[in-house]
Amino acid sequence: MLMIVRGFAAALLVASLAACTAEAPGRQTPVASAPAASAPAASAPVTSAPAPSRTSTTPAARGACRAGCDATKARDYNGDGYADLAIGAPGQQSDEEDSTRSGYVVVSYGGARGLGPRRRTVLQPGRDGLPRGFTEGENFGASSAGGDFDGDGYADLAVGASSERSDGPAAVTIVFGGRDGLSARSAVLIRHEDPMFGELLTAGDFNGDGHQDLAVATVEAAWVVYGSDGMRRQPPRPRLVRRSSAINALAAGDVTGDRIDDLVVAFSDDDPADEGTGAVHRGSRGGLKGVAGPTFDAWGVGALAVGDVDGDGFGDVIAGNAYADADDPGGQIFLHRGSASGPAAERVLISQNSPGVPEDSEDGDGFGTELAVGDVNADGYADVAVGASGKFEMNGAVFLLYGGRGGLAEAGARVLRPGDAGFAGDVQAFGASLRLSDFDKDGRADLAVTTRTEPVVAVLAASPEGVRTTRPLLISPERVGTPGKDSGFGRSLT
Ligand SMILES: [Ca+2]
Ligand SMILES: [Ca+2]
Ligand SMILES: [Ca+2]
Ligand SMILES: [Ca+2]
């Protein structure tokens, strides 16, 4: 259910919409793609493998937790049953060459009354014993992913950096959880020669051994690091999943319904300005093996997410496409239902012009630049938050689309504006980062959302009446006692 996307939302601000391509903004031209000397050999070829036989299509047991429990476990770093929130503050990702900020991550812990800004851990390379994987100025916290990688029952946090100003090598830092939460003293580095290693991260159990595994993208390849009991002592080596001229987004979830997570990859192989392509790499007892289903056009220009929106036990793939379709220049999402053989080739297109979705699609709305999945109304169907960070004269908007037996957005979708989340004034790109997690363990996923102009994370609690817009929790650097200016606070949320 985890998802991440390269900075498309940022692109709305730093580049003109018309000029935006599937290539991530601000990224250096990829260097020649010869594998680095220490790069492991490809161990997971992308050739097709026979599908594991599936004798039963019985969906997971009904109940509110069905669509949300796994997501909570993957982000519960102190094991108390409440989802926690990791807020990345990677520094300004501007072109300032003199920037020497290394970035930090703040983890705020959930509780009966939701997130408590005072219950927090600050993770900063070089501080409290947290190892440094980089030289200075490499945007630690640009990406993150949660999961219990060492299988001790506590979720762990993987943190990546955007080390585009560096020649590498890079490293992903895995900080281990425990009863007291994440500890900077308990961490390992997964190193790699490619300076962009870790710019995209997502987690899932791709070999079904009960340990979450970490998928990592560099510019030109997707890798997997299999979790294990012994990884604190000996960090596992990354194994190649796919090479491409540009990896644009990753997401993980059980699309094929065999209780083993699959890895969804969006990439551009030929023209980096095209709409991109997507593929689902099938998880199996032997790890990621082959591709489930065909490849999919136009998955490469927005966010990716996996969630079971129709409750049939198969994770469904949601792919945002914010720019490409001339018929709907405000952006759209594609829903591909999961099945034992992979995502359905047939796609359901949802935009602001779809029945039941508020507002009208307008050029540059960026509907689909960001996605989050969770069960907001506790009916057992995964719901989807869709960021439209160019909506309302660039102020931005978040759409909540509800899952149901018939799919997505059949019942009253809702739009949230910056003012609904306690932002006053002229903020930009509300919805640029999104997360749906159950911070107060009431069975309903709560919404965390940021803009690109305020160093504030707004948290809106879900209630029986829906997501509450009265008295949102606003988490700022001041409240958690960290540097705020130019911190990029909230640039990533996990
Ligand atoms: Ca917790
Ligand atoms: Ca753990
Ligand atoms: Ca595993
Ligand atoms: Ca489904």
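- The name given to the protein chain in an unreviewed UniProt entry is FG-GAP repeat protein, with the source organism recorded as Nonomuraea montanisoli.

### Remarks on the overall build of the protein chain
Here's step 1: Helices and strands together make up the secondary structure of the protein chain, namely three helices and 33 strands.
Here's step 2: A total of 494 residues make up the protein chain; the buried ones form 62% of that total.
Here's step 3: Look at the contacts in the protein chain between residues 6 or more apart in sequence, and 58% of them connect residues 24 or more apart.
Here's step 4: Accessible area of the protein chain: about 18100 Å², with a carbon and sulfur share of 47%.

### Remarks on the coordination of the calcium ion (ligand 1)
Put simply, the ideal angle at a metal is 109.5 degrees for four donors in tetrahedral geometry and 90 or 180 degrees for six donors in octahedral geometry.
Here's step 1: Protein ligation of the calcium ion (ligand 1) involves Asp76 (OD), Asn78 (OD1), Asp80 (OD), Tyr82 (O), Asp84 (OD) and Asp84 (OD), the donor distances falling in the range 2.3 to 2.6 Å.
Here's step 2: One can describe the donor arrangement at the calcium ion (ligand 1) as irregular, given that its six donor atoms subtend angles of 52 to 162° at the metal.
Here's step 3: Between consecutive donor residues of the calcium ion (ligand 1), the sequence gaps follow D-x1-N-x1-D-x1-Y-x1-D.
Here's step 4: Of the residues examined, Asp80 reaches a relative accessible area of 30% and is grouped as partly exposed.
Here's step 5: A residue is classified by how much of its surface remains accessible, and Tyr82, at 18% relative accessible area, is buried.

### Quick word on the nonpolar core
Here's step 1: Within the largest apolar cluster, 23 residues are counted, with the highest numbers of intra-cluster contacts made by Ile333, Phe399 and Leu401.
Here's step 2: Put simply, the parts of the chain that give this core at least two residues each are β19 (332-336), β21 (367-374), β22 (383-388) and β23 (397-401).
Here's step 3: Residue contacts for Ile333: discarding those within four places in its chain leaves Ile318, Ala319, Gly320, Val348, Leu349, Ile350, Phe367, Gly368, Leu371, Val386, Leu401 and Leu408.

### A short note on the coordination of the calcium ion (ligand 3)
Here's step 1: Distances from the calcium ion (ligand 3) to its protein donors, Asp205 (OD), Asn207 (OD1), Asp209 (OD), His211 (O), Asp213 (OD) and Asp213 (OD), fall at 2.3 to 2.5 Å.
Here's step 2: Mapped onto the sequence, the residues coordinating the calcium ion (ligand 3) show the spacing D-x1-N-x1-D-x1-H-x1-D. Per residue, the accessibility class of His211 equals that of Asp213, and both read buried.

### Quick look at the sheet that holds strand β20 (residues 348-350)
Here's step 1: The strand order β17-β18-β19-β20 describes an open sheet built from four strands, whose pairing is antiparallel. For this open sheet the edge positions go to β17 (304-307) and β20, each flanked by a neighbour on one side alone. Direction aside, neighbouring strands of the sheet carry axes that sit 25° apart on average.
Here's step 2: Across three bridges, the pairing between β19 and β20 is antiparallel.

### Considering the sheet that holds strand β9 (residues 200-204)
Here's step 1: As summarised here, the arrangement of the four strands in space is β9-β10-β11-β12, forming an open sheet in which the pairing is antiparallel. Each edge of the open sheet is held by one strand with a lone partner, namely β9 and β12 (239-243). When the angles between neighbouring strand axes are averaged without regard to direction, this sheet yields 20°.
Here's step 2: Relative to β12, strand β11 (residues 221-225) runs antiparallel, the two sharing four bridges. Bridging from a neighbouring strand, Ala221 pairs with Arg243 of β12.

Definitions and cut-offs
- Residues numbered from 1 in each chain as written.
- Chains lettered and ligands numbered in written order.
- Predicted model: local features only at pLDDT ≥ 70, side-chain atom pairs only at ≥ 80, totals over all residues.
- Heavy atoms only, no water.
- Helix = DSSP H or I, 4+ residues; strand = E, 2+ residues; numbered from the N terminus.
- Buried < 20%, exposed > 50% of the residue type's maximum accessible area, 1.4 Å probe, protein only.
- Contact = heavy atoms within 4.5 Å.
- Areas by Shrake-Rupley, 256 points an atom, 1.4 Å probe, with all protein chains shown as cover.
- Donors = N, O, S within 2.8 Å, 3.2 Å for Na, K, Ca; no water.
- Tetrahedral: all angles 85-135°; square planar, octahedral: opposite > 155°, others 65-115°.
- Core = buried A, V, L, I, M, F, W, Y, C linked by side-chain atoms within 4.5 Å.
- Pairing = 2+ DSSP bridges.
- Axes fitted to C-alpha atoms, helices over the stretch in contact; angles between N-to-C directions.

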